[in-house]
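# Descriptive structure summary
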Amino acid sequence: LARARKGPPVITLLTDFGLEDTYVGVMKGVILGICPQAVIVDLCHQVTPQDVFEAAYLLCSSHEYFPPGTIHVAVVDPGVGSSRRIICAEAGGHRFLAPDNGLLSLTLKEVKLDTMVEVSNKDLFLDSVSSTFHGRDIFAPVAAHLAMGADVAKLGKPAVRIRKVDFPKPVRSAGGRLKGRIIHVDRFGNLVTNLTHLVLHGVLARPGKLTIRVGRTGIEGISKSYADADEGGPLALFGSTGHLEISVNQGSAAEKLKVQKGATIEVVPQ
Amino acid sequence: LARARKGPPVITLLTDFGLEDTYVGVMKGVILGICPQAVIVDLCHQVTPQDVFEAAYLLCSSHEYFPPGTIHVAVVDPGVGSSRRIICAEAGGHRFLAPDNGLLSLTLKEVKLDTMVEVSNKDLFLDSVSSTFHGRDIFAPVAAHLAMGADVAKLGKPAVRIRKVDFPKPVRSAGGRLKGRIIHVDRFGNLVTNLTHLVLHGVLARPGKLTIRVGRTGIEGISKSYADADEGGPLALFGSTGHLEISVNQGSAAEKLKVQKGATIEVVPQ
Amino acid sequence: LARARKGPPVITLLTDFGLEDTYVGVMKGVILGICPQAVIVDLCHQVTPQDVFEAAYLLCSSHEYFPPGTIHVAVVDPGVGSSRRIICAEAGGHRFLAPDNGLLSLTLKEVKLDTMVEVSNKDLFLDSVSSTFHGRDIFAPVAAHLAMGADVAKLGKPAVRIRKVDFPKPVRSAGGRLKGRIIHVDRFGNLVTNLTHLVLHGVLARPGKLTIRVGRTGIEGISKSYADADEGGPLALFGSTGHLEISVNQGSAAEKLKVQKGATIEVVPQ
């Protein structure tokens, strides 16, 4: 940790800007003009346009793997140019900068909050602020000034509440059944659910098998690794974010099981 | 500015190499072998293959956001291996390196040119130069040598003229009407036109409303931000590059209005 | 070379993780937490999911362009979480880290091997190792420790043999004919074959012309550069990796000739 703190400042970028344009590159240009020693890491730029929930999930499942002091900039911002606020939070040893649209809500539920402000200090913005690209004109320069040592408290007045995304809650029903949702589908076609270790604790503690139903498929039990299923066979396991995932060994569960984001999943004890 | 100049050298890369291969990664390897402290920024690698105009537009709308001294390397190069020249220009406090096919022409119209040469100094190339990948064999090592302090004038003999891309000019007609073109469509489906603030100055100075016609859609007036339209509704505004853009609030104008790059747009005062 | 060795450590990443998720970003976070000064280069993340051969080819054709001491991390790992081994090799002045599934086999055929071990030293892993994301939990931290000076020999016990991918061998037949295969198709639709300069040496040394047959197309002779063909016309040339490639000048050979990876190609002397 001490070693990491001695290194150059790390800034992560999470956006829906894609890589077909120069939006991300331009943000980096602005950052490096203010903080030449910043190490900039692309967290993801392929968030579905305007999908705040997706960005919130990706940030929440990723931030803890970065060194102390990291500055996370997240710009999925359908309200850009409107009166929506910009929030900066110091929490869990990191700093977070995002529009106040729910993007930070899943992350801030999980870490200890130290300071939270509404960003309004125009001295830290570019001289000319457009109404369509605050990533370049506000988020990038503010992040760079934070990396240069600016204090979160200097960015604006304290913010007490922030907006939240609607995280689907698992539903328990008769006989210990548990209904969940597919909240994310990754590149491999793995189906990430809203069912965590904690949520499944009661079900897993029972003796006896359980069946997982998703789409038209029933899966028996929870596997340890992909190789527990035959090639092309479906399985359920706890993925790298601690959520239950439905996968196909060396294949795409989304394609093979014809299941998409938002679909329901049911865990049925026997 | 002084602060930026003290930082490590910044090199941007703009290519049509895509990210499915290792072409971009290999260019970075070559650069870091010559200039280990270089900070390399991906400006964009998803330029439509061989689309020199698109690259010229992207470079022109991005370069000014980088710190003084930045080296911009742009390789969209359908003529690679032929007798086409390679140009290096020092202009506006930056350096630019690109094939002489028009790629630099939009940028160099806008900044003060200091020096321009035809790159021919083979001492700065890789020992073995292929006929298909000058990005790796010429552009990357030359950029790295520039970053290490090589003088632009040492790269080759002075170049006087460069090739130009064909930038569509707005056309004025009776009654103050103005005809323009869609020159770029971004990831969000925003339609960027060739109509800038300057071009529209006369029209905007008049009293009375104006209508913007694109495809089969008529849009009344110019908005300040996306939120000025209803969700899913079309609008026109000045985008982050200072060009008039047609957008759909939280949607894709390209999809919704069924308009593509090259389409005409008409601004009609009433 | 001396200059490069004095620079910060370079780590390349080659995966099939794609850029739609935060998997790659998270690996970088882990690396920077251990080795803040690491320079991380994306070699490619768009490898076809689970396509070990493609990754092996991309690594083999790219590694030599990186500075001495570079650490190459390659994670295309269908067996993650199973008993498959992880290999670290010091060879040709670089270090390579990959699952033992053939990924390193093409590269290690071409460079001098110094040390090769089976990675098992858990002191260098993250505290908690998932069964689905060793890129984050094992490969990233081990690479970072190598960058901080850890000795390859300390990672685990010596490994003698590694698995190999099945590289298709060119077949010679009567009359000096040579049959090869398309082993890679790049973003431009260039068709890379398994026929190298060395393999074609005998054919090329003969007097007289030769015809190259691929799909339903016959191409006469080997060109020097794309511009040797008319715009839209097919040609054969030695590409930047030293392999014979089939291309279309300013177009896609894959589309125009309707040829895919795995197709055969025949070189016929006349």
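Remember, it's a predicted structure, so these values are computed and weren't measured experimentally. (Residues numbered from 1 in each chain as written. Chains lettered and ligands numbered in written order. Predicted model: local features only at pLDDT ≥ 70, side-chain atom pairs only at ≥ 80, totals over all residues. Heavy atoms only, no water.)

## Side note on the packing of helix 2 (residues 23–34) of chain C against helix 5 (residues 134–147) of chain C
All names here are of chain C. How we decide: Angular values range over 0 to 180 degrees, each being the angle between N-to-C directions of two axes fitted as lines to C-alpha atoms, with helices fitted over their stretch in contact. By the criteria applied, helices consist of DSSP H or I runs no shorter than four residues and strands consist of E runs no shorter than two, each listed in order from the N terminus. Helix crossings get a hand from a simple test, with the near helix turned counterclockwise from the far one by less than a right angle marking a left-handed crossing and a clockwise turn marking a right-handed one. Note on contacts: a residue pair qualifies if any of its non-hydrogen atoms lie within 4.5 Å across the two residues.
Look at helix 2 against helix 5: their axes get within 8 Å of each other, and the N-to-C directions meet at 35°. Our pair here, helix 2 against helix 5, has a crossing hand that is right-handed. Two secondary-structure elements touch here, helix 2 through Val26, Met27, Val30, Ile31 and Ile34 and helix 5 through Gly135, Arg136, Phe139, Ala140, Pro141, Ala144 and His145.

## Overview of the relation of the copies chain A and chain B
Note the threshold: For this overlay, a least-squares fit was computed on C-alpha atoms, restricted to residues scoring pLDDT of at least 70 in both copies.
With an RMSD of 0.0 Å, chain A superimposes on chain B once it is rotated by 120° and translated 0.0 Å along the axis. These values place the two chain copies in the arrangement generated by a three-fold rotation axis. Ranked by how close their C-alpha atoms come to the rotation axis, the residues of chain A are headed by valine 39 of chain A, at 5.2 Å. By residue overlap, the copies meet through two different surfaces: only 6% of the interface positions of chain A are interface positions in chain B.

## Observations regarding the interface of chain A and chain C
Where interface size is quoted, it is often the accessible area lost as the parts come together. What counts here: Summed over both partners, the accessible area lost on bringing two parts together, with a 1.4 Å probe, is the buried area. Any Lys or Arg side-chain nitrogen located within 4 Å of an Asp or Glu carboxyl oxygen qualifies as a salt bridge.
The partner chain C presents 33 residues to the 32 residues of chain A that form the contact. A buried area of about 2700 Å², summed over both sides, lies between chain A and chain C, and 60% of it is on carbon and sulfur atoms. Considering only the side of chain A, the residues that lose the most area to chain C are Tyr65, Arg187 and Phe188 of chain A, jointly responsible for 28% of the buried surface there. Summed over the shared surface of chain A and chain C, the result is zero salt bridges.

## Regarding helix 3 (residues 52–60) of chain A
Threshold: Categorising residues by exposure relies on relative accessible area from a 1.4 Å probe, with only protein chains included: less than 20% of the type maximum marks a residue as buried, more than 50% marks it as exposed, and the intermediate range marks it as partly exposed. Any pair of N or O atoms that falls within 3.5 Å is considered a polar contact. Within protein, one atom must be able to donate a hydrogen and the other to accept it, and sequence-neighbouring residues count only if both atoms are side-chain atoms.
Counted residue by residue, helix 3 of chain A has nine buried out of nine residues, so it is predominantly covered. For helix 3 of chain A, the N-terminal cap is aspartate 51 of chain A; the gap from its side-chain oxygen to the backbone nitrogen of phenylalanine 53 of chain A is 3.3 Å.

## A few points about the side chain of histidine 134 of chain A
Residues and elements named next belong to chain A. With respect to the helices, strands and loops of the structure, histidine 134 is situated in helix 5 (residues 134–147). With a relative accessible area of 8%, histidine 134 lands in the buried category. Those residues in contact with histidine 134 that sit more than four places away from it in its chain are Val80, Gly81, Arg84, Ile86, Val129 and Phe139.

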